[in-house]
Amino acid sequence: MAWDPKIYLAFNEERTRPARELLSRIAVEHPRRVVDLGCGPGNSTALLAARWPDAELEGVDNSREMLAEARSAKFRARWTEADVAHWKPDASYEVIFSNATLQWIDDHARLLPQLVSHLAPDGIFAFQVPRNFAEPCHTLIHEIAQQERFRDTLKGVRDWWNVREPETYFDILEPLSCSIDIWETRYVQVLEGEDAVFRWMSGTGLRPFANALAGKEREDFLEEYRLRVGRAYPRRASGVTLYPFQRLFCVVKV
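Here the structure is a predicted model, which means the values were calculated and not measured.

Draft legend 1. Structural view of the nonpolar core. One finds Leu102, Leu112, Phe125 and Phe127 to be the most contacted residues of the largest nonpolar core, which totals 26 residues. Contributing elements (two or more residues each) for this core: strand S1 (33–37), strand S4 (93–99), helix H5 (108–116), strand S5 (119–130), helix H8 (166–173) and strand S7 (240–253). Residues contacting Leu102, with those up to four places away along its chain left out, are Val84, His108, Leu111, Leu112, Leu115, Phe125, Phe127 and Val129. Counting residues in each nonpolar core, the second largest holds 25 residues, with Met201, Ala210, Leu222 and Phe245 among its members.

Below is the structure:
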């Protein structure tokens, strides 16, 4: 699946804020090795570099486009092209950090213990995932995908319906940890400009569907979604659009 860092970073502050808030809950002073799983264009990795400038820092992502953008950063880090679902590092980490990535990977009951196994003693695993999949921005995609003209092409295409309830994550992680800090935040994002939610989703949840289509079929799908999501999230008289967005956060110490 191709990614476009410029589209993704059009809402850089809104996408980076959850990473900043997750980082603020990590009580580690001088980690030796830190990794950002699903680092994307490096916006969250930059926060880690500022917090721990002396750490050996690594960013991992499976998108060459995103890593190319990340490599232009002004801070020191090692950038690794790899699939987080099958990531097998050769050494352990004091901090494993992941901002809005794990929702793309299935079977969290298998994935999370696998990631925790790569922590050093007293290490921290911290992740954040969206949990807004019952909202119109997502449900409309699937409604349109079920139309007869798109159904065959988009059969099997999905976005990030892998996220579970907080209680499920607690159950998975409790046997592996000495403490778990888990919470949810519902942001009411104030987005500027025309077609704001459409543009937001064009950088994330829409991409698997758009990439599976071509030509007029792709144009028709995107235009119908643009119109319908615009009605679901209308632009206000002041010119802004309110976009509620729920996220789940978890910090685990082993």
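The discussion continues.
Draft legend 2. Seen up close, the sheet that holds S1. In space, the seven strands of this open sheet follow the order S3-S2-S1-S4-S5-S7-S6, with mixed pairing throughout. Two strands bound the open sheet, and with one partner strand each, they are strand S3 (78–81) and strand S6 (179–192). In this sheet, neighbouring strand axes are inclined to one another by 15° on average, regardless of whether the strands run parallel or antiparallel. Examined bridge by bridge, S1 and strand S2 (residues 56–61) share five bridges and lie parallel to one another. Among the inter-strand pairings, Asp36 is bridged to a residue of S2, identified as Gly59.

Draft legend 3. Representation of helix H2 (residues 12–23) within the structure. Here H2 contains 12 residues, and its C-alpha end-to-end distance of 17 Å stays within 8% of the 16 Å for a straight helix at 1.5 Å per residue. For H2, the complete set of buried residues consists of Arg15, Thr16, Pro18, Ala19, Leu22 and Leu23. Taken end-on, H2 shows its buried residues confined to a sector of 145°, consistent with a single buried face.

Draft legend 4. Seen up close, helix H11 (residues 215–232). The end-to-end C-alpha distance of H11, which contains 18 residues, comes to 26 Å, matching closely the 26 Å that a straight helix rising 1.5 Å per residue would cover. Restricting attention to buried positions, one finds in H11 the residues Phe221, Leu222, Glu224, Tyr225 and Val229. Along the axis of H11, the buried positions cluster into a sector of 165°, meaning they face one direction only. Summarising the geometry of H11, the exposed residues directed more than 90 degrees from the buried face are Lys216, Glu219 and Arg231. On its buried face, H11 is in contact with helix H6 (136–145), helix H7 (148–154), helix H9 (196–202) and helix H10 (207–212).

Draft legend 5. Summary view of the side chain of His108. The residue His108 is located in helix H5 in this model. The class for His108 is buried, based on a relative accessible area of 5%.

Draft legend 6. Local environment of the environment of Arg64. Tracing the backbone through its elements, the reader meets Arg64 in helix H4 (residues 64–70). Classification of Arg64 by relative accessible area gives exposed; the value is 61%. With 18 residues separating them along the chain, Arg64 and Ala82 place their C-alpha atoms 9.7 Å apart.

Draft legend 7. Representation of the pattern of salt bridges within the structure. In this structure the tally under the stated criterion is 15 salt bridges. For Glu165, the salt bridge identified is with Arg131, shortest N-O distance 3.3 Å. Taken together, the residues span a long stretch of sequence, with Glu165 in the loop between H7 and H8 and Arg131 in the loop between S5 and H6 at a distance of 34 residues. Salt-bridge contacts for Glu224 lead to Arg149; the nearest nitrogen and oxygen are separated by 2.5 Å. One end of the pair, Glu224, is in helix H11; the other, Arg149, is in helix H7, with 75 residues separating them in the sequence. Here the salt bridges share partners, and the residues they tie into one network are Glu143, Arg149, Glu224 and Arg228.

Cut-offs and rules
Per chain, the residues get numbers from 1 upward, laid out in the order the sequence is written. The model is predicted, so local features are restricted to residues of pLDDT at least 70 and side-chain atom pairs to those at 80 or more, both for listing and for counting; the totals for chains, interfaces and linings are taken over all residues. The side-chain quantities take in all heavy atoms of the structure and omit both hydrogens and water. Only buried residues count toward a nonpolar core. Its members are Ala, Val, Leu, Ile, Met, Phe, Trp, Tyr and Cys residues joined through side-chain atoms within 4.5 Å. In this scheme, a residue with accessible area under 20% of its type's maximum is buried, one over 50% is exposed, and one in between is partly exposed, where area comes from a 1.4 Å probe on protein chains only. Numbering of helices and strands starts at the N terminus; helices are DSSP runs of H or I of at least 4 residues and strands are runs of E of at least 2. Residue contacts are counted whenever heavy atoms from the two residues lie within 4.5 Å of one another. By definition, two strands form a pair when at least two bridges between them are found by DSSP. Angles here are taken between N-to-C directions and fall from 0 to 180 degrees, while the axes themselves are lines fitted to C-alpha atoms, restricted in helices to the stretch in contact. Expected span of a helix: the number of residues minus one, times 1.5 Å. The arc refers to the directions leading from the helix axis to the C-beta atoms. By convention in these notes, a salt bridge is any Lys or Arg side-chain nitrogen within 4 Å of a carboxyl oxygen on Asp or Glu.

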